[in-house]
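The primary structure of each chain is shown beneath.
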Amino acid sequence: MIVDLEKLQAVANRLRAHSIRSTFPTRSGHPTSCMSAADLVAGLFFGVMRFDPNAPRHPLSDRFVLSKGHAAPLLYAAWAEAGAFPVEDLLSLREISSDLEGHPTPRLPFVDVATGSLGQGLSAGAGMAIGGKYLDKLDYRVYVLLGDGESAEGAVWEAAQFASYYRLDNLCAIVDVNRLGQSQATMYGHDIDVLIRRFEAFGWHAIGIDGHNFSEILKAYDEAASTKEKPTAIVARTFKGRGVSFLEDRDGQHGKALGSAEEVEKALAELDIDSSVTLPVRPFAARTVPAPEVGTPGPPGYEIGQEVATRRAYGNALARLGDVDSRVVALDGDTKNSTFSETFMEAHPDRFFEGFIAEQNIVGAGVGLGTRGKIPFVSTFAAFFARAYDQIRMAAISRANLKLSGSHAGVSIGADGPSQMGLEDLAMMRAVPGCRVLYPSDAVSAEACVKLAAETQGMFFIRTTRPDTPVIYPNDEAFEVGKAKVVRSRPEDRVTVVGAGVTLVEALKAHDLLAKEGISIRVVDLFSVKPADSEGLQQAAAETGGKVITVEDHYPEGGIGEAVQSALAGTGAGVRKLAVYELPRSGKPEELMARFGIDADHIASAVREMVG
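Here the residue numbers are simple positions, counted from 1 along each chain's written sequence. This being a predicted model, a pLDDT of at least 70 is required before a residue's local features are given, and a value of 80 or more before pairs of side-chain atoms are given or counted; all residues contribute to the totals for chains, interfaces and linings. Hydrogens and water molecules were not included; the side-chain quantities draw on all heavy atoms of the structure.

(A) View of helix H20 (residues 600-611). Helix and strand labels come from DSSP, where a helix needs a run of H or I of at least four residues and a strand needs a run of E of at least two; each type is numbered from the N terminus. One less than the residue count of a helix, multiplied by 1.5 Å, gives the span that helix is expected to have. With twelve residues, H20 should reach 16 Å at 1.5 Å per residue; the first-to-last C-alpha distance of 17 Å fits that figure. Here's how the labels work: a residue is buried when its accessible area is under 20% of the maximum for its type, exposed when over 50%, partly exposed in between, all with a 1.4 Å probe on protein chains only. Those residues of H20 that sit buried are Ala600, Ile603, Ala604, Ala606, Val607 and Val611. Buried positions in H20, seen along its axis, are confined to an arc of 160° and lie on one side of it. What points out from H20, more than 90 degrees from its buried face, is the exposed set Asp601 and Glu609. Of the residues flanking the end of H20, it is Gly612, one or two places downstream, whose phi is positive at about 80°. The arc refers to the directions leading from the helix axis to the C-beta atoms.

(B) Looking closely at empty space enclosed by the protein. Any residue with an atom within 4 Å of a point lines the site, the site being either a cavity, points on a 1 Å grid over the protein atoms alone where a 1.4 Å probe fits but cannot get out, or a pocket, an open set with protein on both sides within 12 Å along at least 5 of 7 lines. Grid points are joined across faces, edges and corners, and a volume is the space filled by probe spheres set on the points. A complete count under the given rule lists three cavities of 30 Å³ or more for this structure. Elements that contribute at least two residues to the lining of the largest cavity include exactly helix H4 (121-135), helix H12 (359-371) and helix H13 (389-397). Considering every element that reaches the lining of the largest cavity, the biggest residue donor is H13, with three residues. Taken as a whole, the second largest cavity spans an internal volume of roughly 70 Å³. Phe64, Val65, Leu66, Leu75, Pro104, Phe110, Val111, Asp112, Val113, Thr115 and Met128 together form the lining of the second largest cavity. With three residues, strand S1 (residues 63-66) is the largest single contributor of residues to the lining of the second largest cavity. Looking at the lining of the second largest cavity, its residues break down into nine nonpolar, one polar and one charged. The classification used treats Ala, Val, Leu, Ile, Met, Phe, Trp, Tyr, Cys and Pro as nonpolar, Asp, Glu, Lys and Arg as charged, and all other residues, Gly among them, as polar.

(C) Region of the structure containing the nonpolar core. Residues Leu171 and Leu404 are the most contacted members of the largest nonpolar core, which totals 79 residues. Throughout, a contact is declared for two residues whenever any of their heavy atoms are within 4.5 Å. In this structure Leu171 touches Leu122, Gly125, Ala126, Ala129, Val142, Val144, Ala163, Trp204, Pro231 and Thr232, once residues within four positions along its chain are discounted. Side-chain atoms within 4.5 Å link the members of a nonpolar core, which is a set of buried Ala, Val, Leu, Ile, Met, Phe, Trp, Tyr and Cys residues. In this structure, Val308, Ala313, Leu321 and Phe479 belong to the second largest nonpolar core, which totals 60 residues.

(D) Expanded view of the sheet that holds strand S19 (residues 574-578). For two strands to be treated as a pair, DSSP must find at least two bridges joining them. With respect to topology, five strands assemble into an open sheet ordered S14-S16-S15-S18-S19, the strand pairing being mixed. Only two strands of the sheet have a single partner each, and these edge strands are strand S14 (485-488) and S19. Neighbour-to-neighbour, the strand axes of this sheet turn through a mean angle of 25°, independent of strand direction. For helices, the fitted line uses only the C-alpha atoms of the stretch in contact; every axis is such a line through C-alpha atoms, and the angle between N-to-C directions lies from 0 to 180 degrees. Lying on the sheet, helix H16 (residues 502-515) is in contact with S14, strand S15 (495-499), strand S16 (521-525) and strand S18 (547-551); it crosses S16 at an angle near 165°.

(E) How the structure looks around the pairing of strand S5 (residues 232-237). Among the six residues that make up S5, five are buried, leaving the element largely enclosed by the rest of the structure. Here strand S4 (residues 205-210) runs beside S5; their pairing, made up of six bridges, is parallel. The residue bridging Ile207 from the neighbouring strand is Ile234, located in S5.

Have a look at this one:
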């Protein structure tokens, strides 16, 4: 496509002008960070990308991710100039009534993922590119604009090696090397050769350009599109505040809007705005996109009393779901033979992606896949999701359709020791807005977790455990998000004991021990930790004299005990929490559960004390 370079320059200057104007009313934003990348974005939106501004999420559209999310005014300006919404609306930037927020979120139809916590956009872009190249076999391209400052983030290089490994030649990273960070110059200033060599070392095709020269910009985009079997990085030397003499390449201007109307007018005069120039966007080539195959798996085939680890049941469920729903994909962090996502891999190798030991990237790539209509299940040890917590936090802001499964939770994993024990994961995931937290206690409920997560839009965390546990539910048992299961109940129950996972098994053992002593307890499976079943828990507490014991293979902060306390707040019920109150150590599972007071004997002792 031949593009008039003078017209591109005029559009780029308008993008700069919009960035200055839109940040002025609230005196808030990052206009100089927008101005350095304006030429790169103008060349991309009005010379290269194929998209429909009125249908920004069309499956055939090229994708754009603004990883340097603080340049949001530039993103909004580009979409406004493309015709997605009136340019006058840009002046509502950062107002509480406006969806043009300080950093982009999917409240806007042209934003796929929330950005602003730096270093995450390339992972999301890699997930989108994986979807196009390997799953949908569509020719859309994915462009990710990064800043040079965020290139110090390790997550960028996790994504870089992932993209190289999968030969994502439909992925193009554009690095805006404007030299200046928030508080000082960036690590390597304008030495773009450093970044070029680094991308090349990670297996990318890398191109260095003058980021304000449209001939070089368009040539680089063409070269990226023609490069096969490798992703491309365009490393562009730019100047912060480009086009305005009193802003350009000046330190101390990061995150500062212009302070007066006189300054705004002076800056706009230097930009020499031409409002008469228009450039159309490139349409994508229309073609039919096949509809996915979507079905519902039948019930599993377990037997009551059969010993099956919930992590193994998770893998079985995922594979069976994949048989009937082509949208289901899986990623793992080199733990697939422990999380049992390998069962899905063996059944559906074309929809499984090994992410290796790079948890931040597999979460980010999962978010990207979710934007392309997939149902991504991302698996690793529960403890290792802590490394990717910022990606999970941002996934919530993205309203991501993301399913996380953390195995090897708690001291019940045994001799591997505390570094491998997920003991904070429930607290972490309960704190994530909109994330549902499910904790199966047997193979049947683990199957239900996978099914519920797949059929419900949004983020889920499924906590699975290492030891084999007996099947306690029939295969046709119904489970609901937000509903607990009453597993043992009699009118004479004196205490409610709430557990989940391995501690539910221990609670059932305690039930049988106490029954021999004439003490009847109600046993509740908190299958849905978040949202918790407040109504059901309140009823159980009321029917057992307000006496409640919670037991969890988790630290006392933020887990099952505090979920139950929240549900019972204001009812007068007394809650005693059995949890892992000390830093654990290696040992056999049964030894550790006894040592830290969460086995059947300790539950029974707590009940005896509570009933006097």
